[in-house]
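# Coordinate analysis (summary)
Each chain, written out:
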Amino acid sequence: MGRHSSYLPVIAFHLICAPIRASMGQEKAEPASPLRFAPAKVLPQFDEMPAQLQPTSRRSGNYLPTIWDYDVLESLLNDKAHDHARNQEVEKMLEDDIRKIMRGLQDDHSALLSLIDDIQKLGMSYRFEEEIFEGLERLYASKKRNGEDDLHVTALCFRILRQHGFPVSPDEEFGRFIDHEGKFLSSICNDIRGMLTMYEASYYGFEGEDLLDEANAFARKHLINLKNKVEDRELADQIDVALELPMHHRLPIHVAKHTFRKYNGNASLHELARLNFELSELIWWRHLDLQNRLGFSRDRIVEIFHAAYVIASTTDFSDGRKALAKTIYLVCFIDDLYDVYGSLEELRLFTKAIDRWDVNDIDELPGYMRTIFLALCKTSDEMAQEVLKKTGFNCLSHIKEGWRDLCKAFMVEAEWYFNKEVPTFKDFLDNGWRSIGSITCINVIYFYLHNEFTQASLDGLNNLHDAIRYSCILARVVNDLGTEQNEQQRGDAAKSIKSYVHEKGVSIKDARKHMKGVIKGNWKMYNKAAYNGAPPFSRAFLELVLNFTRSNIFWYGNGDGLVNHYDQIIGDLINMLGCNPEG
């Protein structure tokens, strides 16, 4: 676990006692631990606010206090930064070893595919982008790339080539496994590894690729029937994980950790993967200090840091990850402003102020809103300066536009709430994929990811390319499925489920079923936008865009994780701090 494993008993104690102590309000001295119980925050006074704007009451999100001690966390992360610096020379040697291996597999397509798959699943493809693309180009040009009648190799080849944008047809790749009646051959039913690989590949389908839908249903049926009969426990575990959630829908960092635990292949790759889990960021949020100064929003800074980490976990993206964490933090804070705390007139003023973006023209804002506005301007300016210094490109106008778009979308929902309107499902979704916040974050990470920006990619960013749009729709609907109960208890504005129930006159159960169909359809549309043809963005950027959807599946797939689901999230954070990829 590493030298910080002594914190685990204290962490376990806090987790068990959290509900009891929160309800009793006990204050006791504790040993140093990353977890703590924050005192209740005092809401701000309505200073310098015109009398006609002072609301008679404020809603509350009833958010639980944070359980983290930020002083201890900062100490732990500082230690990690020193460890990472010492490992860089070793990492370079290991990378060179793996490149030599890849060059030696030019004519062994099956082994090359397997190595590329391992590299990707261990979260290290960013280190070998050039070698992977060159290897796949040679493999794609080969007429014998599919391993004849080997279902595993065929499915693996199809998935990896499609992931990297090569034009591959399911009918051509899987046609040899179809009989004269158009059904899958019964002879492949007992090829468990092949069936599992085909099942994972089926999730990369485009709309209209019916064969992949059939492959999905066929493989899933037989994997369910066979999983308890598999003697190879490692393979059985892979089946369980895939049936729970396919790899395409999982966060890469979680795929990497699961793969690492079971990996027994190349020693250099294994050691590089171990080092790849090290963290190097320092905690930054105290410079903003909005929680202590205002107090009405969720105090979930550590969880937000975790969200930024799982979205962009590669070790070469440290500055971008910190910028992303700051952006998510501000998105959550402003979301709570619109959803929970602000009055209608205040929110109208704030939205206009964001649209003008003039720090000299905020006198009409309530004092607490000026604090938020100035923090947003300061953070955006700092990010733009960092990008300008690195690339020579001034991206401030793009960052501003992301915030304008988000606040206008929040304002639409606030108007619906205060006017007691329930939008149609279409009207909600047309606005909701913008109000989810992903666009604002995507605007930021795009400029941190690249050193040069093509006009085509800037146009795709500004015009919200289909890959961005479908990813945001997926994130929106997944989020609504998880948060619907908590938001309705707080009395928030109608989201997708309530809109559909109100419009169609159906039950919540039927509405949730419909949302799952919307999710399935939008996955196919995202796949086509991202993997078909030549999108204007890099593969690395498209992967980050998709990770916003995957992170919503992680956070909200089993309820509102950002509010009250801590078990797996806290386990992840503890393992991150202890540098334990096997956790």
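Up top is the structure these notes are about.
Per chain, residues are indexed from 1 in the order of the written sequence. The predicted origin of the model limits local features to residues at a pLDDT of at least 70 and limits the giving and counting of side-chain atom pairs to 80 or more, whereas totals for whole chains, interfaces and linings rest on all residues. Side-chain measures were taken over the full set of non-hydrogen atoms in the model, leaving aside hydrogen atoms and water.

Think of it this way: any DSSP run of H or I at least four residues long counts as a helix, any run of E at least two long counts as a strand, and we number them from the N terminus. Mapped onto the secondary structure, glutamate 131 falls in helix 4 (residues 129–141). It is 7.3 Å that separates the C-alpha atoms of glutamate 131 and arginine 99, two residues lying 32 residues apart in sequence. Among the polar contacts made by the side chain of glutamate 131, one reaches the side chain of arginine 99 at a distance of 2.8 Å. Nitrogen and oxygen atoms within 3.5 Å of one another constitute a polar contact, given that in protein one can donate a hydrogen and the other can accept it, and given that sequence-neighbouring residues count only through two side-chain atoms.

On to the environment of aspartate 118. For aspartate 118, the location among the structural elements is in helix 3 (residues 109–121). Any residue under 20% of the maximum accessible area for its type is buried, any over 50% is exposed, and the rest in between are partly exposed; the area is computed with a 1.4 Å probe on protein chains only. For aspartate 118, a relative accessible area of 17% translates into the label buried. In sequence terms aspartate 118 and phenylalanine 260 are 142 residues apart; their C-alpha atoms lie 9.5 Å from each other. Here aspartate 118 is in contact with Tyr263 and Leu269, once residues within four sequence places are set aside. Contacts are assigned to residue pairs that have any heavy atoms within 4.5 Å of one another.

Each helix should span, by expectation, one fewer than its residue count multiplied by 1.5 Å. Along its 24 residues, helix 23 (residues 508–531) runs 34 Å from first to last C-alpha, staying within 8% of the 34 Å computed at 1.5 Å per residue. If you check which residues of helix 23 are buried, you get Ala511, Met515, Val518, Ile519, Asn522, Trp523, Lys524, Tyr526, Asn527, Ala529, Ala530 and Tyr531. Positive phi shows up at glycine 533, right after helix 23, with a value of about 75°.

Before going further, it helps to examine the packing of aromatic side chains. When the centres of two rings from Phe, Tyr and Trp lie within 6.5 Å, Trp using its six-membered ring, the rings pair. Their planes under 30 degrees apart give stacked, over 60 give edge-to-face, and anything left gives tilted. Going through the model one piece at a time under the given rule, you end up with 23 aromatic pairs. Between phenylalanine 184 and phenylalanine 218 the ring centres are 5.1 Å apart and the planes differ by 25°, which places this aromatic pair in the stacked class. One end of the pair, phenylalanine 184, is in the loop between helix 6 (170–174) and helix 7 (192–201); the other, phenylalanine 218, is in helix 8 (residues 210–226), and 34 residues separate them in sequence. For the residue pair phenylalanine 184 and phenylalanine 218, the accessibility class agrees, reading buried in each case. Relative to phenylalanine 333, the ring of tyrosine 329 lies with its centre 6.4 Å away and its plane at 55°, an arrangement referred to as tilted. With tyrosine 329 and phenylalanine 333 both in helix 14 (residues 318–341) and four residues apart, this pair spans about one turn of that helix. We classify tyrosine 329 as buried; its relative accessible area is 2%. By relative accessible area, which is 1% here, phenylalanine 333 ends up buried. Ring-pair connections join several aromatic residues into one group, and the members of that group are Phe393, Tyr446, Phe447, Phe453, Phe537 and Phe541. Over a ring means this: the NZ of a Lys or the CZ of an Arg is within 6 Å of the ring centre and within 35 degrees of the ring normal. Sitting over the face of the ring of phenylalanine 206, arginine 162 holds its NZ or CZ atom 3.7 Å from the ring centroid.

A few words on the environment of lysine 408. Position of lysine 408 relative to the elements: it lies in helix 17 (residues 396–418). On the accessibility criterion, lysine 408 (41% relative accessible area) is partly exposed. Linking lysine 408 and arginine 434, residues 26 residues apart in sequence, is a C-alpha distance of 9.1 Å. Not counting residues within four places of it along the chain, the set of residues in contact with lysine 408 comprises Thr351 and Asp355. A polar side-chain atom of lysine 408 sits 3.3 Å from a polar atom in the side chain of aspartate 355.

Just distances and angles here, no functional claims.
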